[in-house]
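Summary of structural features
Residues per chain are reported as follows:
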Amino acid sequence: MTDPTAFIEEILAMWTNPDLNERLDVIRSHLATDIRLHDLDGTFEGEAELERFSASLRARFPGARFHLTTPPDIVGDGMRVTWTFGPDARPDAVSGMDFILWDGTRARAIYAFVTRPPSP
């Protein structure tokens, strides 16, 4: 089995990594070919759609990064992690929780639950 913390940290970093080859390496090594990401922005399936989602994050939130806030919690083939998203790990950053179905090496589905901070 892959180290769960390293696994999820590499996936989280991949979304905003500006290097295409590094992003594709993570997609190809950590995600099933028929991966599905379910997010508030829609459902994205496969390498090309994940790359499109990644590009939209980088365009909308330049300089933002995901920061893991809890170690992965695993039950069976499910992994749950919490994170913040922003230029740093500020308390007012966007936060969320991902639930991932995986086989110990590759994710086959990611469900992203986003909690936006309250408006001032």
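My aim in this report is to walk through the structure given alongside it, one point at a time. Just so it is clear, the structure is predicted and the values come from calculations on it, not from any experiment.

Some words on helix H2 (residues 20–30)
Of the positions making up H2, those classed as buried are Arg-23, Leu-24, Val-26, Ile-27 and His-30. All buried residues of H2 fall inside an arc of 160° around its axis, so they share one side. N-capping of H2 is provided by Asp-19, with a side-chain oxygen placed 3.0 Å from the backbone N of Asn-21.

Observations regarding the packing of aromatic side chains
Inspection of every chain in the model, using the stated rule, returns six aromatic pairs. Between the aromatic rings of Trp-15 and Phe-53, the centroid separation amounts to 5.3 Å while the plane-to-plane angle is 90°, which identifies the pairing as edge-to-face. Here Trp-15 is found in helix H1 (residues 4–16), whereas its partner Phe-53 is found in helix H3 (residues 46–60), with 38 residues between them in sequence. A ring pair is formed by Phe-44 and Phe-53, whose centres lie 4.9 Å apart and whose planes are at 45°; its orientation type is tilted. Each member of the pair, Phe-44 as well as Phe-53, carries the same accessibility label: buried. Through a chain of ring-to-ring contacts, three or more aromatic side chains come together here, namely Phe-61, Phe-66, Trp-83 and Phe-85.

Points about the side chain of Ser-54
Looking at the element boundaries, Ser-54 is found in helix H3. Ignoring anything within four residues of it in the chain, the contact list for Ser-54 reads Met-14, Trp-15 and Arg-23.

Looking at the packing of H1 against H2
Remark: H1 packs on H2, axes separated minimally by 9 Å, with the N-to-C direction vectors making an angle of 140°. As far as their axial angle goes, H2 and H1 are oblique. Remark: the crossing between H1 and H2 carries left-handed chirality. Of the residues in H2, those touching H1 at Phe-7, Glu-10, Ile-11 and Met-14 are Arg-23, Val-26, Ile-27 and His-30. Partitioned by chemical class, the residues of the contact of H1 with H2 number five nonpolar, one polar and two charged.

Here we look at the environment of Ile-74
Mapped onto the fold, Ile-74 is located in strand E4 (residues 73–75). Using a relative accessible area of 31% as the deciding quantity, one classes Ile-74 as partly exposed. Through-space distance from the C-alpha of Ile-74 to that of Thr-43 is 23 Å; in sequence the pair is 31 residues apart. Apart from the residues within four sequence positions on either side, Ile-74 is in contact with Pro-4, Met-79 and Trp-102.

Rules and cut-offs
Residues numbered from 1 in each chain as written. Predicted model: local features only at pLDDT ≥ 70, side-chain atom pairs only at ≥ 80, totals over all residues. Heavy atoms only, no water. Buried < 20%, exposed > 50% of the residue type's maximum accessible area, 1.4 Å probe, protein only. Helix = DSSP H or I, 4+ residues; strand = E, 2+ residues; numbered from the N terminus. Arc of directions from axis to C-beta. Polar contact = N/O pair within 3.5 Å; in protein donor to acceptor, adjacent residues only side chain to side chain. Phe/Tyr/Trp six-rings, centres within 6.5 Å; stacked < 30°, edge-to-face > 60°. Contact = heavy atoms within 4.5 Å. Axes fitted to C-alpha atoms, helices over the stretch in contact; angles between N-to-C directions. Parallel < 35°, antiparallel > 145°, perpendicular 65-115°, else oblique. Left-handed = near helix turned anticlockwise from the far one by under 90°. Nonpolar A, V, L, I, M, F, W, Y, C, P; charged D, E, K, R; others polar.

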